[in-house]
Amino acid sequence: MAYNLLNIHSLSCRVGEKALLSDVSVELMPGEFLVVIGRNGAGKTTLLKHAVGEMHSPQGQIEIFGQLLESHSARELAKKRAVLAQSTPLHFDYQVLEVVLLGRIPHQKRQVETVDDVNIARECLARVGLEDYEERDYLTLSGGEQQRVHLARVLAQIEHAPGEIHQPERLLFLDEPISSLDIAHQHEVLDLAKQLTTEGVGVFAILHDLNLAAQYADRIVILSQGKVLATGAPTQVLTQETLYEAFHYHVHVARHPNLDCPLIISGGRRNTGDGIRETGEATGR
Amino acid sequence: MPITPLQVISILGGKIGIPPLAAFDSQQEAVLFAIRLPRVLLAVLVGAGLAVSGAALQGLFRNPLADPGLLGISSGASLLVAGTVVLDISPLGIYTPSVAAFIGSTCSTVAIYLLAQKDRRTNVATMLLAGIAINALCSAGTGIFTYLSSDDQLRMLVFWQLGSLGGATWTAVASAAPLILLCVITMPLMANSLNALLLGEANARFLGISVEAIKTLLVVLIALGVGAGVAVAGMIGFVGLVVPHLVRMLAGPSHRILLPASALLGSTLLVLADLLSRTIVAPAELPIGLVTAFVGAPFFLYLLLQSRKPGGI
């Protein structure tokens with residue numbers, strides 16, 4: 001590999017007195033599935049917002065595709081980097097296929113939609129299992145279905161049409177993308193993302209469910225109070241001690257009976273006396 | 001003065017050397033050219049400008065309840081025009097009212113936008129309430145000018161505030177046309193950006209849209225479309241609200257269709273509304289702003305009721 005897709009170098013961010021991030025460094029290689037976990041308020045979203053250019057900090061440096069983030073043209077960047085937020089505020093009654101086609105905007109010259117754009121949009125809709133939804137009114141879908149439509153949209157965004165220059169390096173940012181989905185669809189979405197990594201796409205995801213993180217991540221970054229507490233393969237970092245340090249909640253770490261990854265079971269020990277109230281996050285959903 | 005459709009075609013065709021299909025006299029020709037044609041053209045222009053601006057405004061606010069009249073953009077324009085009339089200043093000749101209106105509507109649009117945006121989201125309640133406040137403020141300002149006006153000015157101001165195409169002259173058409181056409185023709189070039197903006201500003205940025213530049217351009221074009229219309233035809237409400245809605249119901253929310261279709265439908269509806277306003281109490285004339293308000297205000301209430309339902313606005 002010539003260079004990392006994403007290089008976050010000693011990033012710090014303060015708001016007033018509070019340090020949201022201090023000296024955070026994260027790299028992401030082509031084809032890697034990176035998952036960031038941590039308590040609420042640990043700085044996960046702040047980190048992602050910096051990585052996608054929504055927040056800027058004078059301290060630290062962010063390189064994406066081997067260049068400083070600020071030096072990219074917004075439109076060229078949009079062809080190879082997509083971001084799926086936890087929820088997307090769309091209140092107009094688009095048809096589902098039209099929403100997916102919004103992802104093709106950076107590829108369009110003079111606002112003209114090509115047959116390739118439509119084909120790609122259809123294909124991506126099929127990949128998220130919504131091929132029969134093309135003409136449905138977006139606003140009538142359930143929250144989970146809407147989220148899958150947006151996943152199709154971001155997939156379509158970093159896809160290249162037959163005539164276009166192939167972008168070998170591509171990046172997908174997922175900000176808690178599956179919170180509104182049921183278990184089958186959670187796995188469907190993460191399977192899809194995992195599949196993309198085999199094509200060389202780098203995936204940067206924030207996840208709450210530790211077991212999903214354990215199953216899908218190539219590498220996990222644990223944030224705690226704005227600092228990187230641990231980084232490494234799931235088996236290395238998902239230990240009882242580290243997880244207690246990160247979440248202040250006791251879990252039991254076993255081996256997954258079928259998969260080669262840790263299995264986190266909540267309530268391994270009594271969780272009293274630590275003043276912890278937010279147990280929901282650490283136990284997973 | 002009755003003029004049949006065939007005579008109209010003959011008079012217009014005669015100007016470019018087509019032999020007449022029906023006989024007409026010179027008086028008919030004069031009435032058509034000096035009075036009716038500029039009036040229809042002005043209705044076409046103003047209708048297109050208001051409807052396109054309304055559609056773009058709703059895209060900018062990501063909210064289908066935005067309307068240039070409700071948000072005080074028209075009354076911002078109105079305030080400055082009333083000022084130039086009463087103080088009798090016209091440094092820019094026939095363009096004075098248009099430019100004054102443009103400045104007024106720009107200020108209102110920027111003010112509303114800054115007030116209604118919080119944490120990069122549009123707060124609908126704040127947007128509408130800020131609109132009420134700006135409307136009240138501008139109306140009070142206009143009221144002061146009305147109070148200071150002479151009898152002639154007063155009569156003119158009152159009619160103009162009710163909205164009227166009665167003053168349609170070729171001068172009015174010439175002063176409004178460049179500004180409104182600039183708005184109506186340029187706006188569809190930003191259709192994709194507006195579509196992306198419906199996903200929220202952050203997502204639009206992720207799609208490679210220069211959100212800040214687009215927003216500035218949108219505000220300027222909206223102010224042009226509304227301001228130029230207000231300058232020549234006064235306060236004509238609800239066109240910017242109703243027309244984009246009708247188009248969305250027929251053709252969906254994509255701005256690539258919405259913007260040009262709103263221009264066409266806005267023109268058509270305003271020509272029809274003007275027809276009503278001229279004939280309903282003939283030989284007197286009902287101000288066209290009253291006609292659009294009688295249709296538009298119930299429609300707005302209907303939208304508000306719709307928005308209470310789940311999945312609504």
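J.: Looking at this structure, how should I read the overall build of chain B?
T.: In terms of helices and strands, chain B carries 13 helices and two strands. Taking 2.2 N^0.38 as the reference for a compact globule, 313 residues should give roughly 20 Å; the C-alpha atoms of chain B span a radius of gyration of 20 Å, in line with that estimate. Taking the principal axes of its C-alpha atoms as reference, chain B extends roughly 65 × 45 × 35 Å. Relative to its full complement of 313 residues, chain B shows a buried share of 49%. Counting only contacts in chain B whose residues sit at least 6 apart along the sequence, the fraction spanning at least 24 positions is 77%.

J.: Just to check I follow, could you spell out the interface of chain B and chain A for this structure?
T.: Often, the extent of an interface is quoted as the loss of accessible area upon association of its parts. Taken together, the 21 residues of chain B in the interface contact 26 residues of chain A. Where the side of chain B that touches chain A is concerned, the elements lending two or more residues are helix H8 (191-197) and helix H9 (201-206) of chain B. Split into classes, the residues belonging to the side of chain B that touches chain A amount to nine nonpolar, nine polar and three charged.

J.: Help me understand the sheet that holds strand E10 (residues 227-232) of chain A, please; the structure alone is not making it clear to me.
T.: For sheets, the rule is that strands pair by backbone hydrogen bonds, running either parallel or antiparallel. Residue and element names in this part refer to chain A. In spatial order, the strands read E6-E7-E8-E3-E9-E10; together these six strands make up an open sheet with mixed pairing. The open sheet has two edge strands with one neighbour each: strand E6 (81-84) and E10. The average undirected angle you get between the axes of adjacent strands in this sheet is 15°. Bridging between strand E9 (residues 219-224) and E10 involves five bridges; their strand directions are antiparallel.

J.: It is not clear to me how helix H1 (residues 44-51) of chain A should be interpreted in this structure. Could you clarify?
T.: Since the α-helix advances by 3.6 residues per turn, residues separated by three or four positions end up pointing in the same direction. By the criterion of burial, H1(A) is predominantly enclosed, with seven of the eight residues buried. Among the residues of H1(A), those classed as buried are A:Lys44, A:Thr45, A:Thr46, A:Leu47, A:Leu48, A:His50 and A:Ala51.

J.: I'm lost on the pairing of strand E12 (residues 262-266) of chain A in this one. Help?
T.: Two faces make up the sheet, and in a regular strand the side chains alternate between them. Residue and element names in this part refer to chain A. Of the pairings in the sheet, the one linking strand E11 (residues 251-255) to E12 comprises five bridges and is antiparallel in character. Residue alanine 254 lies in a different strand from E12, and its bridge partner there is leucine 263. The antiparallel hairpin formed by E11 and E12 contains six residues in its connecting segment.

J.: Would you mind going over the confidence of the model for chain B with me for this structure?
T.: In low-pLDDT segments, the atomic positions of the prediction should not be examined closely. Predicted confidence across chain B gives a mean pLDDT of 87, with 96% of residues reaching 70 or more. Here the predicted complex scores 0.86 on pTM and 0.88 on ipTM.

J.: Just to check I follow, could you spell out unusual backbone geometry for this structure?
T.: Across the chain, the bulk of peptide bonds are trans and the bulk of non-glycine residues have phi less than zero. Residue and element names in this part refer to chain A. Phi at serine 10 takes a positive value of approximately 30°, unusual for a residue other than glycine. Here serine 10 is to be found in strand E1 (residues 6-15). The phi torsion at glutamine 225 lies on the positive side, around 50°, for a residue other than glycine. The topology assignment puts glutamine 225 in the loop between E9 and E10. Of the residues examined, glutamine 225 has 15 C-beta atoms within 10 Å and is grouped as partly exposed.

J.: Explain helix H11 (residues 239-251) of chain B to me, please; I cannot follow it from the model alone.
T.: All names here are of chain B. Relative to the 18 Å expected for 13 residues at 1.5 Å per residue, H11 spans 18 Å between its end C-alpha atoms, a close match to the ideal helical length. Residues of H11 that are buried: Val239, Gly240, Leu241, Val242, Val243, Pro244, His245, Val247 and Arg248. Glycine 252, located one to two residues past H11, shows a positive phi value of around 85°.

J.: Which parts of the structure should I look at to understand the environment of B:Met190?
T.: Residues and elements named next belong to chain B. Relative to the helices and strands, methionine 190 resides in the loop between helix H7 (170-186) and H8. Using a count of 21 C-beta atoms within 10 Å as the deciding quantity, one classes methionine 190 as buried. A C-alpha to C-alpha distance of 32 Å links methionine 190 and leucine 290, two positions 100 residues apart in sequence. Non-local contacts of methionine 190, meaning those with residues more than four positions away in its chain, are made with Ile214, Leu217 and Leu218.

J.: I would appreciate a short explanation of the sheet that holds strand E4 (residues 59-64) of chain A in the present structure.
T.: Residue and element names in this part refer to chain A. With respect to topology, four strands assemble into an open sheet ordered E2-E1-E4-E5, the strand pairing being antiparallel. Either end of the sheet is taken by a strand with one partner, and the two such strands are strand E2 (18-28) and strand E5 (67-68). Pairing between E1 and E2: seven bridges, direction antiparallel. Opposite leucine 6, over in E2, you have leucine 28 as the bridge partner. Lying on the sheet, H1 is in contact with E1, E2 and E4; it crosses E1 at an angle near 120°.

J.: I'm lost on the packing of helix H1 (residues 5-15) of chain B against helix H2 (residues 26-60) of chain B in this one. Help?
T.: The description of two helices packed together rests on the angle between their axes and the distance between the axes. Residue and element names in this part refer to chain B. Packing of H1 against H2 leaves a shortest axis separation of 10 Å and a crossing angle of 80°. As summarised for this structure, H1 and H2 are arranged roughly perpendicular, according to the angle between their axes. Between H1 and H2, the residues in contact are Gln7, Val8 and Ile11 and Gln28, Glu29 and Leu32, respectively. By residue class, the composition of the contact of H1 with H2 is three nonpolar, two polar and one charged.

J.: Can you help me understand the environment of A:Asn119 in this one?
T.: Mapped onto the elements, A:Asn119 comes out in helix H4 (residues 115-127). A count of 14 C-beta atoms within 10 Å places A:Asn119 in the partly exposed class.

Calculation rules
Residue numbers run consecutively from 1 along every chain, following the written order of its sequence. The naming scheme follows written order: chains are lettered A onward, ligands numbered 1 onward. In view of the model being predicted, local features appear only for residues whose pLDDT reaches at least 70, and side-chain atom pairs are presented and counted only at 80 or more, with totals across whole chains, interfaces and linings using the full set of residues. Secondary structure elements follow DSSP: runs of H or I of four or more residues count as helices, runs of E of two or more count as strands, with numbering from the N terminus. C-alpha atoms define the radius of gyration, and 2.2 Å times the number of residues to the power 0.38 defines the globule rule. Residues are called buried when their C-beta atom has 20 or more other C-beta atoms within 10 Å, exposed when it has 12 or fewer, and partly exposed otherwise; all C-beta atoms are positioned from the backbone. We call two residues in contact when the distance between their C-beta atoms, placed using the backbone, is within 7 Å. Residues were grouped as follows: Ala, Val, Leu, Ile, Met, Phe, Trp, Tyr, Cys and Pro as nonpolar; Asp, Glu, Lys and Arg as charged; and all remaining residues, including Gly, as polar. Whether two strands pair depends on DSSP finding at least two bridges between them. In this analysis, axes come from line fits to C-alpha atoms, helices being fitted only over the stretch in contact, and the angle between any two N-to-C directions falls in the range 0 to 180 degrees. pLDDT: the predictor's confidence for each residue, scored from 0 to 100. For a helix, the expected span equals 1.5 Å multiplied by the residue count minus one. Orientation labels follow simple angle bins: below 35 degrees gives roughly parallel, above 145 gives roughly antiparallel, 65 to 115 gives roughly perpendicular, and whatever is left gives oblique.

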